[in-house]
Amino acid sequence: RKTNYRRQSLCGKSGESRDDVWHGFLKGEKKMTLAIVIGIIAVIILLVLIKNIYIVQQSRAYVVERLGAFQGVWEVGMHFKVPFIERVAKKVSLKEQVMDYPPQPVITKDNVTMEIDTVVYFQITDPKLYTYGVESPMDAIENLTATTLRNIIGELELDESLTSREHINTKIRMVLDEATDPWGIKINRVEVKNITPPKDIQVAMEKQMRAERERRE
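In what follows, the accompanying structure is described. Predicted, not measured: the structure shown is a model, and the values here were computed from it.

1. Overview of helix α3 (residues 137–153)
Helix length check: α3, at 17 residues, gives a terminal C-alpha distance of 24 Å against a target of 24 Å (1.5 Å per residue), a fit within 8%. What α3 keeps buried is the set Pro137, Ala140, Ile141, Thr145, Ala146, Thr148, Leu149, Ile152 and Ile153. Packing partners of the buried residues in α3 comprise β7 (104–107), β8 (113–124), α2 (127–132), α4 (158–163), α5 (165–180) and β9 (185–196).

As structure tokens, this is what we get:
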């Protein structure tokens, strides 16, 4: 009887020690899993924070919206965007920009059709107005330049058009600058590059120039 009692007591103790080891292993595994989950969450939060740090360079400006409404304009320096609430609506360059437009057909006052190509130098002065003032500002400037050019040339005869580039440049710039002011754009200069009259008029002009040279000689 004493021998059997000792065996039972030994078996009971060994069984309890196995359960304790198993429970300890489970607790350790849970702690490790929790530590891994916390580590992953911390890494995700860190990545989100880093991704929402913005550095605005010189001659640049960022237009920021919060929940779809205008929040402000970020200028040069480091900025932090609130995740999932704010967004950068537009990145704007404040440098002077150049738009070289293809030749436009125009008709003079004396019904001569010719082609004129222009170059527009402009600068964005108000990023907010530039973002919300008009849809596709570059297309708007191009169309406005073309219509303004047609109106100005339509008031001039061929000879005046060929000899009045400075007048044409100044008038186009004034009209464009006034029209683009509500869009946050400043028109600095407008240059007429080439004025191409019809070929028959070019031939006639060349003959006239040749005749004048011969007279002088």
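Next comes the rest of the description.
2. Details of the side chain of threonine 145
When you line up the elements, threonine 145 lands in helix α3. The residues contacting threonine 145, other than those within four sequence positions of it, are Tyr101, Thr118, Val120 and Leu176.

3. Side note on a negative patch on the surface
Taken together, the side chains of Asp110, Glu157, Asp159 and Glu160 define an acidic patch exposed on the protein surface. Within the element layout of this structure, aspartate 110 appears in the loop between β7 and β8. The class of aspartate 110 is partly exposed, set by a relative accessible area of 35%.

4. Some thoughts on the nonpolar core
Counting 28 residues, the largest nonpolar core has Ile116 and Ile168 as the members making the most contacts within it. Other than its neighbours up to four places away in sequence, isoleucine 116 contacts Pro102, Pro103, Gln104, Val106, Leu149, Ile153, Val192, Asn194 and Ile195. Judged by nonpolar contacts, the second largest core, of five residues, contains Val56, Tyr62, Trp74 and Val88.

5. Here we look at the environment of arginine 66
Among the structural elements, arginine 66 can be located in strand β2 (residues 60–66). Put simply, arginine 66 and arginine 87 are 21 residues apart on the chain and 6.5 Å apart in space, counted from C-alpha to C-alpha. Contact partners of arginine 66, with chain neighbours within four places excluded, come to Gln71, Val82, Ile85 and Glu86.

The rules behind each value
Residues numbered from 1 in each chain as written. Predicted model: local features only at pLDDT ≥ 70, side-chain atom pairs only at ≥ 80, totals over all residues. Heavy atoms only, no water. Helix = DSSP H or I, 4+ residues; strand = E, 2+ residues; numbered from the N terminus. Expected span 1.5 Å × (residues − 1). Buried < 20%, exposed > 50% of the residue type's maximum accessible area, 1.4 Å probe, protein only. Contact = heavy atoms within 4.5 Å. Patch = residues over 30% accessible without salt bridge, like charges linked within 9 Å, V, L, I, M, F, W, Y side chains within 5 Å. Areas by Shrake-Rupley, 256 points an atom, 1.4 Å probe, with all protein chains shown as cover. Salt bridge = Lys/Arg side-chain N within 4 Å of Asp/Glu carboxyl O. Lys, Arg positive; Asp, Glu negative; His and termini not counted. Charge placed at Lys NZ, Arg CZ, Asp CG, Glu CD. Core = buried A, V, L, I, M, F, W, Y, C linked by side-chain atoms within 4.5 Å.

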